[in-house]
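# Architecture and fold: a report
These are the residues of each chain, in order.
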Amino acid sequence: MKVIVERKVTFVKIGRNEQILPLEIRPLHKEVVDEARDLILAGFLERFGFIDHSLNPDLNDMMGTYGKEGHMFFVAFVDGELIATGAVTKEDHRVGRIERMSVKGSYRRKGIGQRMLAKLEDSARACKYESLVLETNNSWESAIRLYTTNGYRFVSDDGRRCHFEKRLQV
């Protein structure tokens, strides 16, 4: 089953003067694959100071990887500029995994990550997932705060990553 998602425009406040710009979240399409990959890798480079491409094989064929049944990848735009990504992959028929959450540096702390997360959760519900799991680097405080304030329950810390879970109301 392939999920067809309607295009929705929400608004996000940008800058000190609280200028409101339209935020459009839509499914990944081939015309922006390179741009989405670059955004994700730039976030890794900024956060960790290096990129280990062996840890990111899905980025070599994003349309193939995220085009599978139960998988979905979204990109967010403000005035035509790609500023955020997020994906859900299928763990099993009842569980999805949040992955590839990334927001361009100049747009962080403006609610965009939260809007992307809500989009991913809505899409997971449409796929009849009962829960979502995710992991993030255990020193990434802003990501941990995003997930916990949005109802994700801490499950474990393996020394490098914190693991979270959220039961969805389908």
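All values reported here derive from a predicted model rather than from experimental measurement.

How each quantity is defined
- Residues numbered from 1 in each chain as written.
- Predicted model: local features only at pLDDT ≥ 70, side-chain atom pairs only at ≥ 80, totals over all residues.
- Heavy atoms only, no water.
- Helix = DSSP H or I, 4+ residues; strand = E, 2+ residues; numbered from the N terminus.
- Buried < 20%, exposed > 50% of the residue type's maximum accessible area, 1.4 Å probe, protein only.
- Contact = heavy atoms within 4.5 Å.
- Areas by Shrake-Rupley, 256 points an atom, 1.4 Å probe, with all protein chains shown as cover.
- Polar contact = N/O pair within 3.5 Å; in protein donor to acceptor, adjacent residues only side chain to side chain.
- Phe/Tyr/Trp six-rings, centres within 6.5 Å; stacked < 30°, edge-to-face > 60°.
- Arc of directions from axis to C-beta.
- pLDDT = per-residue confidence, 0-100.

Turning next to the overall build of the chain. When helices and strands are counted, the chain shows four helices and eight strands. Traced from its N-terminal end to its C-terminal end, the chain shows the element sequence β-β-α-α-β-β-β-α-β-α-β-β. Buried residues in the chain amount to 45% of all 170 residues. Restricting the contact set of the chain to residue pairs at least 6 apart, pairs at least 24 apart contribute 58%. Total accessible area computed for the chain in this model is approximately 9700 Å², and 49% of it derives from carbon and sulfur atoms.

A separate point is the side chain of Lys166. Looking at the element boundaries, Lys166 is found in strand β8 (residues 161-167). Of the polar contacts made by the side chain of Lys166, one reaches the backbone oxygen of Asn150; its length is 2.7 Å. In this structure, Lys166 is in contact with Glu121, Glu130, Ser131, Leu132, Asn150, Gly151 and Tyr152, ignoring residues within four places of it in sequence.

Another aspect to go through is the packing of aromatic side chains. Note on aromatic pairs: each is described by the distance of the centres and the angle between the planes. Counted by the stated rule, this structure contains four aromatic pairs. Consider the rings of Tyr147 and Tyr152, whose centres lie 5.8 Å apart with planes at 70°: the pair is edge-to-face. What makes Tyr147 buried here is its relative accessible area of 6%. Accessibility expressed as a relative area gives 4% for Tyr152, which makes it buried. On the numbers, 6.4 Å between centres and 45° between planes, the contact of Tyr147 with Phe164 is tilted. Of this pair, Tyr147 sits in helix α4 (residues 141-149) while Phe164 sits in strand β8; the two residues are 17 residues apart in sequence, bridging distant segments of the chain. In terms of burial, Tyr147 and Phe164 fall into one category: buried.

What follows deals with α4. Those residues of α4 lying buried are Ala143, Ile144, Leu146 and Tyr147. Angularly, the buried residues of α4 cover 160° about the axis, an arc narrow enough to put them on a single face. What points out from α4, more than 90 degrees from its buried face, is the exposed set Glu141 and Thr149. Looking at the packing, one finds that the buried side of α4 touches β5 (95-103), α3 (112-126), β6 (131-137) and β8. Immediately beyond the C-terminal end of α4, within one or two residues, lies Gly151, with a positive phi of roughly 90°.

This brings us to the confidence of the model for the chain. In the predicted model, the chain carries a mean pLDDT of 87, and the fraction of residues at 70 or more is 88%. Long-range and interchain partners of residues 1-9, a stretch whose pLDDT sits below 50, account for 21 contacts in this model, where long-range means more than four residues apart.

Moving on, we get to the environment of Ala118. You can see Ala118 is positioned in helix α3. In this structure the C-alpha to C-alpha distance between Ala118 and Asn150, which are 32 residues apart in sequence, comes to 8.9 Å.

Of note, Arg100 is situated in strand β5. Of note is the side chain of Arg100, whose polar atom sits 2.6 Å from the side chain of Asp58.

Bringing the environment of Gly96 into the picture now. Inspection of the secondary structure puts Gly96 in strand β5. The exposure class assigned to Gly96 is buried, which follows from its relative accessible area of 0%. A sequence separation of 36 residues divides Gly96 from Leu132, and the C-alpha atoms of the two residues are 4.8 Å apart. Once residues lying within four places of it in the same chain are set aside, the contact partners of Gly96 are Val88, Thr89, Glu91, Tyr129, Ser131, Leu132 and Val133.

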